[in-house]
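Next come the chains, spelled out residue by residue.
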Amino acid sequence: MVEITELGYIGISVSDAEAWKTYATEVIGFELVEEQGEDDRFYLRMDEMHHRIIVHTDGNDDLEYVGWRVKSPKALKAMKQQLDDAGVDYRVATDDECRERHVLGLLKLTDPGGNPTEIYCTPRVEADRAFHPGRPLWGKFTAGGQGLGHMILRQPDPQAAYDFYTEVFGMDGSIEYKLPAPGGEATPWFVHCNNRQHSLAFGIPNMEKRINHLNIEYTELDDLGKSHDIVRHHNIPVAIQLGKHSNDKALSFYHVTPSGWLMELGWEGRHTPDQEEYYVADIWGHEMEAQGFGMDLEMNRE
Ligand code: MBD
Ligand code: FE
(Lines give C-alpha, C1' and ligand atoms only; values in the text may rest on other atoms or scores of the structure.)
(Ligands and ions follow the chains in the order given, each with its own letter.)
Protein backbone atom coordinates (compact mmCIF):
# COMPACT_ATOMS: atom_id res chain seq x y z
CA MET A 1 0.00 0.00 0.00
CA VAL A 2 1.21 3.53 -0.81
CA GLU A 3 1.24 5.79 2.21
CA ILE A 4 0.97 9.54 2.51
CA THR A 5 4.29 10.79 3.89
CA GLU A 6 3.46 14.27 5.24
CA LEU A 7 1.01 17.14 5.53
CA GLY A 8 2.97 19.18 3.01
CA TYR A 9 1.11 22.42 2.36
CA ILE A 10 -2.19 24.16 2.91
CA GLY A 11 -3.98 26.95 1.07
CA ILE A 12 -5.98 29.48 3.06
CA SER A 13 -7.94 32.52 1.98
CA VAL A 14 -8.06 35.68 4.03
CA SER A 15 -10.03 38.92 4.02
CA ASP A 16 -7.27 41.12 5.46
CA ALA A 17 -4.02 40.41 3.63
CA GLU A 18 -2.05 43.16 5.41
CA ALA A 19 -3.12 41.93 8.86
CA TRP A 20 -2.07 38.41 7.86
CA LYS A 21 1.35 39.51 6.58
CA THR A 22 2.08 41.34 9.84
CA TYR A 23 0.72 38.50 11.98
CA ALA A 24 2.51 35.73 10.08
CA THR A 25 5.91 37.40 10.22
CA GLU A 26 5.92 39.35 13.49
CA VAL A 27 3.89 37.00 15.70
CA ILE A 28 4.76 33.56 14.29
CA GLY A 29 8.05 34.14 12.44
CA PHE A 30 7.11 32.74 9.02
CA GLU A 31 9.16 34.00 6.06
CA LEU A 32 7.01 36.05 3.70
CA VAL A 33 7.52 35.21 0.00
CA GLU A 34 5.90 37.33 -2.70
CA GLU A 35 6.33 36.26 -6.33
CA GLN A 36 6.24 38.77 -9.16
CA GLY A 37 2.96 38.91 -11.05
CA GLU A 38 1.05 37.04 -8.32
CA ASP A 39 -0.97 39.82 -6.72
CA ASP A 40 -3.77 37.53 -5.56
CA ARG A 41 -1.61 35.47 -3.19
CA PHE A 42 1.51 35.33 -1.06
CA TYR A 43 3.45 32.45 0.43
CA LEU A 44 4.60 31.58 3.94
CA ARG A 45 7.81 29.62 4.31
CA MET A 46 8.94 27.53 7.31
CA ASP A 47 11.88 25.48 6.06
CA GLU A 48 13.69 24.66 2.82
CA MET A 49 10.43 24.24 0.88
CA HIS A 50 9.39 27.07 -1.46
CA HIS A 51 6.33 27.45 0.77
CA ARG A 52 4.22 25.65 3.34
CA ILE A 53 1.19 27.95 3.29
CA ILE A 54 -0.34 29.67 0.26
CA VAL A 55 -2.41 32.68 1.33
CA HIS A 56 -5.07 33.74 -1.18
CA THR A 57 -6.25 37.29 -0.65
CA ASP A 58 -9.83 36.82 -1.86
CA GLY A 59 -11.55 36.81 1.47
CA ASN A 60 -13.17 33.61 2.82
CA ASP A 61 -11.13 33.41 6.05
CA ASP A 62 -11.10 29.64 5.85
CA LEU A 63 -9.01 26.73 4.65
CA GLU A 64 -9.10 26.42 0.83
CA TYR A 65 -7.20 23.14 0.29
CA VAL A 66 -4.83 20.68 1.92
CA GLY A 67 -1.79 19.13 0.19
CA TRP A 68 -0.66 15.65 1.23
CA ARG A 69 2.69 14.38 -0.07
CA VAL A 70 3.70 10.98 -1.44
CA LYS A 71 7.34 10.16 -1.93
CA SER A 72 7.69 9.93 -5.72
CA PRO A 73 5.95 9.91 -9.11
CA LYS A 74 5.89 6.11 -8.79
CA ALA A 75 4.02 6.41 -5.49
CA LEU A 76 1.61 8.95 -7.01
CA LYS A 77 0.79 6.51 -9.80
CA ALA A 78 0.15 3.75 -7.27
CA MET A 79 -2.00 6.18 -5.25
CA LYS A 80 -4.24 6.64 -8.32
CA GLN A 81 -4.80 2.90 -8.36
CA GLN A 82 -5.55 2.98 -4.64
CA LEU A 83 -8.16 5.74 -5.15
CA ASP A 84 -9.69 3.81 -8.06
CA ASP A 85 -9.88 0.62 -5.98
CA ALA A 86 -11.59 2.51 -3.14
CA GLY A 87 -14.03 4.19 -5.53
CA VAL A 88 -12.81 7.69 -4.65
CA ASP A 89 -13.31 10.34 -7.38
CA TYR A 90 -10.25 12.39 -8.27
CA ARG A 91 -8.87 14.47 -11.10
CA VAL A 92 -5.31 14.51 -12.45
CA ALA A 93 -4.18 18.14 -12.35
CA THR A 94 -3.11 19.93 -15.54
CA ASP A 95 0.47 21.10 -16.11
CA ASP A 96 -0.63 24.65 -15.26
CA GLU A 97 -2.13 23.47 -11.97
CA CYS A 98 1.12 21.64 -11.11
CA ARG A 99 3.10 24.81 -11.89
CA GLU A 100 0.72 26.81 -9.71
CA ARG A 101 1.57 24.54 -6.73
CA HIS A 102 5.29 24.22 -7.61
CA VAL A 103 5.06 20.40 -7.73
CA LEU A 104 5.72 17.83 -10.47
CA GLY A 105 2.65 15.63 -9.91
CA LEU A 106 -0.78 16.44 -8.49
CA LEU A 107 -4.22 14.86 -7.94
CA LYS A 108 -7.28 16.80 -6.80
CA LEU A 109 -10.19 15.33 -4.83
CA THR A 110 -12.37 16.01 -1.79
CA ASP A 111 -12.19 14.12 1.50
CA PRO A 112 -15.32 12.64 3.17
CA GLY A 113 -15.90 15.96 4.97
CA GLY A 114 -15.94 17.84 1.64
CA ASN A 115 -12.53 19.43 2.24
CA PRO A 116 -10.65 20.13 -1.02
CA THR A 117 -7.72 17.71 -0.88
CA GLU A 118 -4.62 17.36 -3.03
CA ILE A 119 -2.05 14.58 -3.28
CA TYR A 120 1.29 15.56 -4.76
CA CYS A 121 4.86 14.46 -5.32
CA THR A 122 8.18 16.23 -5.89
CA PRO A 123 7.74 19.72 -4.45
CA ARG A 124 10.09 22.61 -5.23
CA VAL A 125 12.84 22.92 -2.64
CA GLU A 126 14.71 26.23 -2.40
CA ALA A 127 18.03 24.60 -1.57
CA ASP A 128 19.90 27.74 -2.62
CA ARG A 129 17.95 30.12 -0.34
CA ALA A 130 18.42 29.77 3.41
CA PHE A 131 15.22 30.02 5.44
CA HIS A 132 15.01 33.55 6.83
CA PRO A 133 12.38 33.92 9.58
CA GLY A 134 10.09 36.96 9.65
CA ARG A 135 11.22 37.73 13.19
CA PRO A 136 14.37 36.57 14.98
CA LEU A 137 14.18 32.92 16.07
CA TRP A 138 16.62 31.04 18.30
CA GLY A 139 15.73 27.81 16.56
CA LYS A 140 13.61 26.69 13.64
CA PHE A 141 10.17 25.35 12.90
CA THR A 142 9.75 21.61 13.34
CA ALA A 143 8.97 20.72 9.72
CA GLY A 144 10.99 18.82 7.10
CA GLY A 145 9.85 15.21 6.92
CA GLN A 146 7.30 15.79 9.71
CA GLY A 147 5.36 18.13 7.43
CA LEU A 148 4.21 21.60 8.37
CA GLY A 149 2.19 20.79 11.49
CA HIS A 150 -1.29 19.45 12.23
CA MET A 151 -4.88 20.58 11.80
CA ILE A 152 -8.36 19.85 13.05
CA LEU A 153 -10.68 19.64 10.03
CA ARG A 154 -14.47 19.51 9.83
CA GLN A 155 -15.72 15.94 9.38
CA PRO A 156 -19.48 15.45 9.89
CA ASP A 157 -18.90 11.65 9.79
CA PRO A 158 -15.69 10.95 11.77
CA GLN A 159 -15.87 7.19 11.14
CA ALA A 160 -16.01 7.79 7.36
CA ALA A 161 -13.06 10.19 7.69
CA TYR A 162 -11.10 7.66 9.76
CA ASP A 163 -11.72 4.94 7.16
CA PHE A 164 -10.62 7.28 4.35
CA TYR A 165 -7.42 8.53 6.00
CA THR A 166 -6.38 5.10 7.26
CA GLU A 167 -7.52 2.79 4.44
CA VAL A 168 -6.98 5.04 1.41
CA PHE A 169 -4.15 7.34 2.61
CA GLY A 170 -2.44 4.60 4.66
CA MET A 171 -2.36 6.61 7.89
CA ASP A 172 -3.01 5.21 11.39
CA GLY A 173 -4.55 6.55 14.59
CA SER A 174 -7.57 6.41 16.89
CA ILE A 175 -9.96 8.35 19.07
CA GLU A 176 -7.37 9.59 21.61
CA TYR A 177 -9.52 11.56 24.10
CA LYS A 178 -12.87 11.45 25.82
CA LEU A 179 -13.39 15.00 27.12
CA PRO A 180 -16.26 16.89 28.77
CA ALA A 181 -17.70 19.47 26.37
CA PRO A 182 -20.79 21.73 26.38
CA GLY A 183 -23.74 19.50 25.48
CA GLY A 184 -21.95 16.17 25.92
CA GLU A 185 -18.65 14.41 25.40
CA ALA A 186 -16.00 15.31 22.80
CA THR A 187 -14.15 12.34 21.33
CA PRO A 188 -11.54 13.75 18.93
CA TRP A 189 -9.82 11.37 16.50
CA PHE A 190 -6.14 11.73 15.57
CA VAL A 191 -4.25 10.26 12.60
CA HIS A 192 -0.54 10.27 11.71
CA CYS A 193 1.66 9.50 8.70
CA ASN A 194 5.21 10.05 10.03
CA ASN A 195 7.10 10.85 13.27
CA ARG A 196 4.78 13.74 14.07
CA GLN A 197 2.37 12.27 16.62
CA HIS A 198 -0.61 13.51 14.62
CA SER A 199 -0.94 15.38 11.34
CA LEU A 200 -4.73 15.55 11.32
CA ALA A 201 -7.54 15.45 13.88
CA PHE A 202 -11.32 15.57 13.57
CA GLY A 203 -14.50 14.80 15.48
CA ILE A 204 -15.18 18.27 16.90
CA PRO A 205 -18.94 18.84 16.32
CA ASN A 206 -20.67 21.98 14.97
CA MET A 207 -17.69 23.50 13.16
CA GLU A 208 -18.60 26.58 11.09
CA LYS A 209 -15.33 26.63 9.15
CA ARG A 210 -13.44 23.77 7.50
CA ILE A 211 -10.53 24.40 9.88
CA ASN A 212 -10.67 24.57 13.69
CA HIS A 213 -6.95 25.08 14.25
CA LEU A 214 -3.56 24.79 12.66
CA ASN A 215 -0.64 23.67 14.83
CA ILE A 216 2.94 24.76 14.15
CA GLU A 217 5.88 23.73 16.34
CA TYR A 218 9.16 25.43 17.22
CA THR A 219 12.35 23.48 17.96
CA GLU A 220 13.27 25.90 20.80
CA LEU A 221 11.22 26.59 23.93
CA ASP A 222 12.33 30.25 23.90
CA ASP A 223 10.69 30.81 20.50
CA LEU A 224 7.37 29.51 21.85
CA GLY A 225 7.80 31.70 24.95
CA LYS A 226 8.53 34.77 22.82
CA SER A 227 5.46 34.07 20.64
CA HIS A 228 3.39 33.84 23.80
CA ASP A 229 4.72 37.24 24.96
CA ILE A 230 3.95 38.81 21.56
CA VAL A 231 0.39 37.35 21.48
CA ARG A 232 -0.24 38.71 25.00
CA HIS A 233 1.29 42.13 24.20
CA HIS A 234 -0.88 42.41 21.06
CA ASN A 235 -3.99 41.50 23.13
CA ILE A 236 -4.76 38.63 20.75
CA PRO A 237 -7.42 36.41 22.39
CA VAL A 238 -6.02 33.16 23.83
CA ALA A 239 -8.61 30.35 23.62
CA ILE A 240 -6.56 27.70 25.47
CA GLN A 241 -3.75 28.67 27.83
CA LEU A 242 -0.28 27.12 27.92
CA GLY A 243 -0.35 23.44 28.80
CA LYS A 244 0.87 20.00 27.85
CA HIS A 245 -1.14 17.53 25.79
CA SER A 246 -1.31 13.87 26.86
CA ASN A 247 -1.10 12.50 23.31
CA ASP A 248 1.75 14.40 21.66
CA LYS A 249 3.23 15.63 25.02
CA ALA A 250 3.84 19.03 23.38
CA LEU A 251 3.75 22.30 25.30
CA SER A 252 1.28 24.56 23.47
CA PHE A 253 -1.30 27.33 23.58
CA TYR A 254 -4.09 28.39 21.18
CA HIS A 255 -4.78 31.95 19.98
CA VAL A 256 -7.06 33.53 17.39
CA THR A 257 -5.68 34.28 13.89
CA PRO A 258 -6.78 37.35 11.88
CA SER A 259 -9.23 34.95 10.13
CA GLY A 260 -11.04 33.95 13.35
CA TRP A 261 -9.87 30.32 13.38
CA LEU A 262 -7.22 29.23 15.86
CA MET A 263 -3.45 28.80 15.74
CA GLU A 264 -1.89 26.34 18.18
CA LEU A 265 1.81 27.08 18.70
CA GLY A 266 3.81 24.25 20.24
CA TRP A 267 7.20 23.00 21.30
CA GLU A 268 8.75 19.55 21.43
CA GLY A 269 6.05 17.04 20.71
CA ARG A 270 7.05 13.41 21.23
CA HIS A 271 7.32 11.06 18.27
CA THR A 272 4.46 8.77 17.24
CA PRO A 273 4.21 5.83 19.68
CA ASP A 274 3.90 2.26 18.39
CA GLN A 275 0.47 1.57 19.86
CA GLU A 276 -2.70 3.61 20.39
CA GLU A 277 -4.05 4.83 23.76
CA TYR A 278 -6.66 7.35 24.92
CA TYR A 279 -6.87 9.98 27.67
CA VAL A 280 -9.52 11.82 29.69
CA ALA A 281 -7.45 14.96 30.34
CA ASP A 282 -4.24 16.75 29.42
CA ILE A 283 -1.13 16.55 31.63
CA TRP A 284 -1.39 20.13 33.00
CA GLY A 285 -2.58 23.57 31.93
CA HIS A 286 -4.61 24.09 28.72
CA GLU A 287 -7.30 25.94 30.71
CA MET A 288 -10.07 27.49 28.58
CA GLU A 289 -9.84 31.26 28.33
CA ALA A 290 -11.56 33.04 25.38
CA GLN A 291 -14.63 30.94 24.50
CA GLY A 292 -16.66 30.71 21.30
CA PHE A 293 -13.67 30.04 19.02
CA GLY A 294 -14.35 26.31 18.61
CA MET A 295 -12.13 25.06 21.46
CA ASP A 296 -14.59 25.04 24.34
CA LEU A 297 -13.07 21.81 25.64
CA GLU A 298 -12.23 20.86 29.24
CA MET A 299 -8.78 19.41 28.76
CA ASN A 300 -7.77 20.13 32.38
CA ARG A 301 -9.74 18.01 34.87
CA GLU A 302 -8.83 19.90 38.08
C1 MBD B 1 -3.97 18.47 20.18
O2 MBD B 1 -3.06 18.99 19.33
C3 MBD B 1 -5.21 19.05 20.21
O4 MBD B 1 -5.42 20.11 19.40
C5 MBD B 1 -6.20 18.59 21.09
C6 MBD B 1 -7.56 19.25 21.14
C7 MBD B 1 -5.91 17.51 21.91
C8 MBD B 1 -4.66 16.92 21.87
C9 MBD B 1 -3.68 17.39 20.99
FE1 FE C 1 -3.84 20.52 18.09
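Residues numbered from 1 in each chain as written. Chains lettered and ligands numbered in written order. Predicted model: local features only at pLDDT ≥ 70, side-chain atom pairs only at ≥ 80, totals over all residues. Heavy atoms only, no water.

Draft legend 1. Representation of the overall build of the chain within the structure. Along the chain, the regular secondary structure elements total 5 helices and 19 strands. A principal-axis box enclosing the C-alpha atoms of the chain has dimensions of 55 × 40 × 35 Å. In the chain, which comprises 302 residues, the proportion classed as buried is 57%. Across the chain, every contact between residues at least 6 apart in sequence was considered, and the portion connecting residues at least 24 apart equals 68%. (Helix = DSSP H or I, 4+ residues; strand = E, 2+ residues; numbered from the N terminus. Buried < 20%, exposed > 50% of the residue type's maximum accessible area, 1.4 Å probe, protein only. Contact = heavy atoms within 4.5 Å.)

Draft legend 2. Summary view of the coordination of the iron ion (ligand 2). Taken together, the protein ligands of the iron ion (ligand 2) are H150 (NE2), H213 (NE2) and E264 (OE), with distances of 2.1 to 2.2 Å. Written as a sequence motif, the donor residues of the iron ion (ligand 2) are H-x62-H-x50-E. Taken together, the residues H150 in strand 9 (residues 150-153) and H213 in strand 15 (residues 211-218) connect sequence positions 63 residues apart. Comparing H150 with H213, the two get one shared label, buried. (Donors = N, O, S within 2.8 Å, 3.2 Å for Na, K, Ca; no water.)

Draft legend 3. Just helix 1 (residues 17-28), in detail. Across its 12 residues, helix 1 extends 15 Å between first and last C-alpha, which sits within 8% of the 16 Å expected from 1.5 Å per residue. Along helix 1, the residues classified as buried are A17, W20, K21, Y23, A24, T25, V27 and I28. At the exit of helix 1 stands G29, carrying a positive phi of roughly 100 degrees. (Expected span 1.5 Å × (residues − 1).)

Draft legend 4. Structural detail: the packing of aromatic side chains. The full count for this structure, using the stated rule, is 17 aromatic pairs. Geometrically, the ring pair formed by F164 and F169 is tilted, given 4.8 Å between the ring centres and 45 degrees between the ring planes. Put simply, the rings of W68, Y162, F164, Y165, F169, W189 and F202 touch in pairs and so form one group of aromatic residues. The ring of Y65 carries R101 above its face, with NZ or CZ at 3.7 Å from the centroid. (Phe/Tyr/Trp six-rings, centres within 6.5 Å; stacked < 30°, edge-to-face > 60°. Lys NZ or Arg CZ within 6 Å of the ring centre and 35° of its normal.)

Draft legend 5. A look at the site of ligand 1. Around ligand 1 sit H150, Y177, F190, H198, H213, H245, N247, D248, Y254, E264, M295 and M299, and that is every residue in its neighbourhood. Y254 places a side-chain nitrogen or oxygen 2.6 Å from an oxygen atom of ligand 1. At 3.2 Å from an oxygen atom of ligand 1 is found a side-chain nitrogen or oxygen belonging to E264. The protein chains hide 100% of the 270 Å² of surface that ligand 1 would expose on its own. (Near = heavy atom within 4 Å. Polar contact = N/O pair within 3.5 Å; in protein donor to acceptor, adjacent residues only side chain to side chain. Areas by Shrake-Rupley, 256 points an atom, 1.4 Å probe, with all protein chains shown as cover.)

Draft legend 6. Up close: the pairing of strand 17 (residues 251-256). Most of strand 17 sits inside the fold, with 6 of its 6 residues counted as buried. Residues L251, F253 and H255 point to one face of strand 17 and S252, Y254 and V256 to the other, with burial holding for every one of them. Relative to strand 18 (residues 262-267), strand 17 runs antiparallel, the two being bridged by 6 bridges. Across the sheet, Y254 pairs through a bridge with E264, a residue of strand 18. Between strand 17 and strand 18, which pair antiparallel in sequence order, lie 5 residues; one of them, G260, sits at a positive phi of approximately 95 degrees. (Pairing = 2+ DSSP bridges.)

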